[in-house]
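The lines below spell out each chain.
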Amino acid sequence: MPNRPIEELEAMVGDSRVTVEEFRIEAGKVEEFARAITSDDPVFRDEAAAADRGYDRVPAPLTYSQVGRFPRYTPDDVDGKGFDLGFQPEYVLHGEQHHEYERPMAVGDVLEGTTTLADVFQREGPRAGTMTFAVLETEYRNRDGELVLTDRSTAIETSGAVDEDASDEEGDDASSEPAETATNGGTAAVESDVPPATVGDFDRVHDLADIAVGDTGPNVVVEDLDRQQFVKYAGASGDFNPIHYDEPYATAAGNESVFGQGMFTAGVTSRVVANWFELRDVTSFGVRFQSRVFPGDTVVASGEVVEIDEDEGTVETELEAWTDDGETLLTGTATADLE
């Protein structure tokens, strides 16, 4: 339970404050972050490669706004995400994350983020006890006041460590079969030797004529995760919760081991979208976390086209990431505008 009464938290809903300032999108950090989410796409590190793909500057990965939480971008009077919710960090789960893009962030941008506490509520779960949800929405604007993107994050404080992600407590079916897992209305084989998709293996879609409902995107596979990858992501993103790299801390909180950041898995999944469409065509990307990834797991991610609006020129996709033994880690969606 939070250290503050739920009534106090509810009274804060609608409050806004600047939580990110002078957020400089730097070339070295973009490359570091891309590598931390296991992407070797040259568009994130090579100006010539970016220019060949039609970008005037090196773009940042889809989930790069996480970097804005580094202390150097945090105003002196702001702690954490800007609101004293009284959550105990060892029992906080990341429930959902959603991004809406006006355009890609790019090297050279200097952004300011204003966060609004959009909602707070509680629910009872059979395994996690009383769960407190906080929805935080952050708008990132450049120095001209132009909106670049909006991200929406749902944090969940549980009564203690849980075996499954609290998203499953809400009634979602995160079950899966040992041999295969349902993926976006279809069926994707789960085998540890599925070859990872590389930048050259999958032609990006630029035109509605080249895509149809039921088409699947590129597979992204990250084999045999180790703790070092969670540490790399912490250093790249600024998520230094010790539950992801400090074994005694993690086990003392009731977990079997350290486990990967939810946004690490989301970053891996975002590679499906970035290998499927050009970043400038992506207008949204969102995920809902179902379970956690542990050292030794292999992560597989893919997606499927579920709707095409020819009048609007948009493509709606559903995404999923799972382990090689068939456990769903997250589900998600992405939209591309190919008009």
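What counts, and where the lines are drawn
Residues numbered from 1 in each chain as written. Predicted model: local features only at pLDDT ≥ 70, side-chain atom pairs only at ≥ 80, totals over all residues. Heavy atoms only, no water. Phe/Tyr/Trp six-rings, centres within 6.5 Å; stacked < 30°, edge-to-face > 60°. Helix = DSSP H or I, 4+ residues; strand = E, 2+ residues; numbered from the N terminus. Buried < 20%, exposed > 50% of the residue type's maximum accessible area, 1.4 Å probe, protein only. Patch = residues over 30% accessible without salt bridge, like charges linked within 9 Å, V, L, I, M, F, W, Y side chains within 5 Å. Areas by Shrake-Rupley, 256 points an atom, 1.4 Å probe, with all protein chains shown as cover. Salt bridge = Lys/Arg side-chain N within 4 Å of Asp/Glu carboxyl O. Lys, Arg positive; Asp, Glu negative; His and termini not counted. Charge placed at Lys NZ, Arg CZ, Asp CG, Glu CD. Core = buried A, V, L, I, M, F, W, Y, C linked by side-chain atoms within 4.5 Å. Contact = heavy atoms within 4.5 Å. Pairing = 2+ DSSP bridges. Axes fitted to C-alpha atoms, helices over the stretch in contact; angles between N-to-C directions. Polar contact = N/O pair within 3.5 Å; in protein donor to acceptor, adjacent residues only side chain to side chain. 1 Å grid on protein atoms, 1.4 Å probe; cavity = no way out; pocket = protein on both sides within 12 Å on 5 of 7 lines; lining within 4 Å. Points joined across faces, edges and corners; volume = space filled by probe spheres on them. Nonpolar A, V, L, I, M, F, W, Y, C, P; charged D, E, K, R; others polar.

Enquirer: Would you mind showing me how to read the packing of aromatic side chains here?
Expert: The description of an aromatic ring pair rests on the distance of the ring centres and on the angle between the ring planes. Taken as a whole, this structure holds eleven aromatic pairs when the rule is applied. Judged by centre distance (6.0 Å) and plane angle (80°), the ring pair of F70 and F240 falls under edge-to-face. Residue F70 is found in the loop between helix 3 (47-52) and strand 2 (92-101), and its partner F240 is found in the loop between helix 4 (227-237) and helix 5 (247-252); the two are separated by 170 residues along the sequence. Considering the side-chain rings of W276 and F277, the 5.1 Å spacing of their centres and the 25° angle between planes classify their relative orientation as stacked. For the pair formed by W276 and F277, the shared burial category is buried. Taken together, the ring pairs in this structure connect F23, F33, Y64, Y73, Y140, F230, Y233 and F264 into an aromatic cluster.

Enquirer: So what exactly am I meant to see when it comes to a negative patch on the surface here?
Expert: There is a patch of like negative charges on the surface, built from E21, D76, D77 and E112. As for its position among the elements, D76 is in the loop between helix 3 and strand 2. A relative accessible area of 84% places D76 in the exposed class.

Enquirer: How should unusual backbone geometry be read in this particular structure?
Expert: Outside of glycine, negative phi angles account for most residues, and trans bonds account for most peptide bonds. Its identity as a non-glycine residue notwithstanding, E22 has a phi of 50°, on the positive side. In this structure, E22 sits in strand 1 (residues 16-24). Of note, the phi angle at T38 is positive, near 75°, even though the residue is not glycine. Tracing the backbone shows T38 in the loop between helix 2 (27-36) and helix 3. The class of T38 is partly exposed, set by a relative accessible area of 22%.

Enquirer: Looking at this model, I keep getting lost on the nonpolar core. Mind explaining?
Expert: The tendency in soluble globular proteins is for nonpolar side chains to be buried side by side. Counting residues in each nonpolar core, the largest one holds 60 residues, and the members touching the most others are F23, I25, Y64, M105, V273 and F277. In terms of residue count, the dominant contributor to this core is helix 6 (residues 262-276) (eight residues). For I25, the contacting residues outside a window of four places in its chain are V30, A60, Y64, M105, A106, V107, G108, D109 and L111. Counting residues in hydrophobic clusters, the runner-up holds eleven residues, among them M12, L117, V120 and L136.

Enquirer: Would you explain the sheet that holds strand 9 (residues 282-289) in this entry?
Expert: Through backbone hydrogen bonds, the strands of a sheet pair up, either in parallel or in antiparallel fashion. Overall, antiparallel pairing links the ten strands, which are arranged 1-3-4-5-2-9-12-11-10-8 in an open sheet. Looking at the sheet topology across the chains shown, the edges are occupied by strand 1 and strand 8 (220-222). Direction aside, the axes of adjacent strands within the sheet are offset by 20° on average. Sheet topology places strand 11 (residues 314-323) next to strand 12 (residues 328-337); nine bridges connect them, and they run antiparallel. Of the residues in strand 12, the one forming a bridge with V315 is A336.

Enquirer: What should I look at first to understand helix 4 in this one?
Expert: Side chains of residues three or four places apart in an α-helix project in the same direction, reflecting 3.6 residues per turn. Buried within helix 4 are the following residues: Q229, F230, Y233, A234, A236 and S237. In this structure, the buried side of helix 4 is in contact with helix 2, strand 8 and helix 6. Structurally, the start of helix 4 carries an N-cap: the backbone nitrogen of Q228 is 3.1 Å from a side-chain oxygen of D226.

Enquirer: How should the pattern of salt bridges be read in this particular structure?
Expert: Where charged atoms from two side chains of opposite charge approach closely, those side chains can pair. Enumeration over the complete set of coordinates arrives at 15 salt bridges. A salt bridge links D109 to R57, with the shortest nitrogen-to-oxygen separation between them at 3.1 Å. With D109 in the loop between strand 2 and strand 3 (110-125) and R57 in the loop between helix 3 and strand 2, this residue pair connects regions lying 52 residues apart in the sequence. A residue is classified by how much of its surface remains accessible, and D109, at 6% relative accessible area, is buried. When the shortest N-O distance is used, the salt bridge between R152 and E137 registers 2.8 Å. Taken together, the residues span a long stretch of sequence, with R152 in strand 5 (residues 147-157) and E137 in strand 4 (residues 129-141) at a distance of 15 residues. Residue classification places R152 among the partly exposed positions, given a relative accessible area of 28%. The class for E137 is partly exposed, based on a relative accessible area of 25%. Taken together, the shared-partner salt bridges in this structure form one network comprising D41, R53, R204 and E278.

Enquirer: Please clarify how the environment of R53 should be interpreted in this entry.
Expert: When you line up the elements, R53 lands in the loop between helix 3 and strand 2. Note on R53: relative accessible area 18%, which makes it buried. In this structure the C-alpha to C-alpha distance between R53 and E278, which are 225 residues apart in sequence, comes to 8.3 Å. The residues touching R53, leaving out its near neighbours within four places in the chain, are D41, V43, R204, E278 and R280.

Enquirer: Explain empty space enclosed by the protein to me, please; I cannot follow it from the model alone.
Expert: Over the atoms, a rolled probe matching the size of one water molecule traces out where space is still vacant. Within this structure, the stated rule accounts for three cavities of 30 Å³ or more. Within this model, the second largest cavity holds a volume of roughly 60 Å³. Taken together, A60, P61, L62, Y101, R103, P104, M105, L279 and V282 make up the full set of residues lining the second largest cavity. Its residues assigned to classes, the lining of the second largest cavity comprises eight nonpolar, no polar and one charged.

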